[in-house]
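# Structural characterization, general
The residues making up each chain are set out below.
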Amino acid sequence: MQRPLDGITVVACEQAVAAPLATRHLADLGARVIKVERPGSGDFARDYDTTVLGMSSHFVWLNRSKESLTLDLKQPDGAEVMRRLLDRADVFVQNLAPGAADRLGLGAEELTGRHPRLVHCSISGYGEDGPYRDAKAYDLLIQAEVGLLSITGTPEQPAKSGIPAADIAAGMYAYSGILSALLHRERTGAGGAFAVSLFDALTEWMGFPMYYARYGGTAPVPAGASHAAIAPYGPFATSGTDVMLAIQNDREWVLFCAEVLRRPELTRDERFATNPARVEHRDELRAAIEDVFRALPAEELASRLTGARIAHSRRNGLPELIEHPQLAERGRWTEVGSPVGPLAALAPPVIPRGGPEPRMDPIPEIGEHTDALLAELGYGAPRIADLHDAHVI
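Read on for a plain summary of the structure.

Procedures and definitions
Residues numbered from 1 in each chain as written. Predicted model: local features only at pLDDT ≥ 70, side-chain atom pairs only at ≥ 80, totals over all residues. Heavy atoms only, no water. Helix = DSSP H or I, 4+ residues; strand = E, 2+ residues; numbered from the N terminus. Buried < 20%, exposed > 50% of the residue type's maximum accessible area, 1.4 Å probe, protein only. Contact = heavy atoms within 4.5 Å. Pairing = 2+ DSSP bridges. Axes fitted to C-alpha atoms, helices over the stretch in contact; angles between N-to-C directions.

### With respect to the environment of A22
- Assignment of secondary structure puts A22 in helix 1 (residues 18-28).
- With a relative accessible area of 0%, A22 lands in the buried category.
- For the pair A22 and V93, spaced 71 residues apart in sequence, the C-alpha to C-alpha distance is 8.9 Å.
- Excluding anything up to four places from it in sequence, A22 contacts G171, A174 and Y175.

### A few points about the pairing of strand 10 (residues 333-336)
- Strand direction decides the pairing type here: strand 10 and strand 11 (residues 343-346), joined by four bridges, are antiparallel. Looking across to strand 11, one finds that E335 is bridged to A344.
- Taken together, strand 10 and the strand that follows it, strand 11, pair antiparallel across an intervening segment of six residues, in which G341 is found at a positive phi of about 105°.

### A closer look at the environment of L301
- When you line up the elements, L301 lands in helix 14 (residues 298-307).
- Look at L301 and you get buried, because its relative accessible area is 5%.
- Residues L301 and S239 lie 62 residues apart in sequence; the distance between their C-alpha atoms is 9.4 Å.

### Focus: helix 1
- With eleven of eleven residues buried, helix 1 is to be regarded as a mostly interior element.
- Every buried residue belonging to helix 1 is among A18, A19, P20, L21, A22, T23, R24, H25, L26, A27 and D28, and all of these are buried.
- Where helix 1 terminates, the next one or two residues include G30, which has phi positive at roughly 110°.

### Remarks on the sheet that holds strand 5 (residues 119-124)
- Pairing in this open sheet of six strands is parallel, and the strands run 3-2-1-4-5-6 from one edge to the other. Strands at the two margins of the open sheet, each flanked by one partner only, are strand 3 (66-70) and strand 6 (192-197). Neighbouring strand axes in the sheet, compared pairwise and without regard to direction, differ in orientation by 20° on average.
- In the sheet, strand 1 (residues 9-13) pairs with strand 2 (residues 32-37) via four bridges, with the strands oriented parallel. Bridging across to strand 2, T9 finds its partner in R32.

### Re the sheet that holds strand 8 (residues 243-246)
- Read across the sheet, three strands follow the order 7-8-9 without closing on themselves; strand pairing throughout is antiparallel. Strands at the two margins of the open sheet, each flanked by one partner only, are strand 7 (233-236) and strand 9 (312-314). Taken pair by pair, the neighbouring strands of this sheet meet at an average axis angle of 25°, ignoring direction.
- As judged from the three bridges shared by strand 8 and strand 9, these two strands associate in the antiparallel manner. Each bridged residue has a counterpart across the sheet, and for M244 the counterpart in strand 9 is S313.
- Strand contacts of helix 13 (residues 282-295): strand 7 and strand 8, with the helix running at about 45° to strand 7, the strand carrying the most contacts.

Have a look at this one:
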């Protein structure tokens, strides 16, 4: 059965997280992704750590189902290989340093002029213009620049997101932008170019706190694992481990007081009658809830919360996530090959119902597919050997 992107070829000059995340999702859908890496060192994310049987956890996460081609794009022979690749490509993705793609002849205007059906996606730190255009940008720096650190953590200790939020945001907008551009090409026959920046992507994700600050006059106060604008929402102490609560509206608050706390009079307390009042009196609210929670056996509390259909969860660590029954029972874990042998891998979050299985091919060794790709492009064995000798590949 055909996958959605079978027959689509993606050439990617990519590194780190944002671009590899976008292209891995394209590969999951069946696209052929040719990953162009520096000879010798390759994508620097290969060396972030060695925790996955000697391989980097970032690289394993982001690079299954790709073909690795090592290529020195600064050498004329390397540029010629790239030209041949792009003659066959449907999509080109790059997250090189600011200005590097243009200097290498891989800019949007030049490539789309030569290949009108090509979809060209550029990913940068701050965008292709503006005063920050040439600034170096890494995930932590973008999280700080857009104010994410100012609303994450506690008032005493700011904290960055534990995952690379800026990189993931940019990667997912690149992915959806490529899919949109391919749909447009299907309808019109024309490709096109677009750009995504980490700064713009994460700024979009800051929408609620920006509106809160702009029109409310003050920024949301960092609230740890609680919510700055909703209460009760966050961790609460019990007779055992903390429980996470998420009360979204006054109707749920009334139900929670009646059936879980069994203190319906709290709904008539002016301090707790509305969500803004509960947020204002957060400390008193917490004390009232935890007085009940600490007095209940864990099984009784869980039974009351479940019976009232109050949203709640455990505060798991990564070992609990890895062994989570929701992943196991739904068959979310599978395997992919790699240079170090089979590795556990999660199936993609989106799998068409009744459609083909997602592509789950191996993670490539650096340059693993170089010779085969060059042969496919018409290079003979002696010429390939010459390119190796000249360190073009």
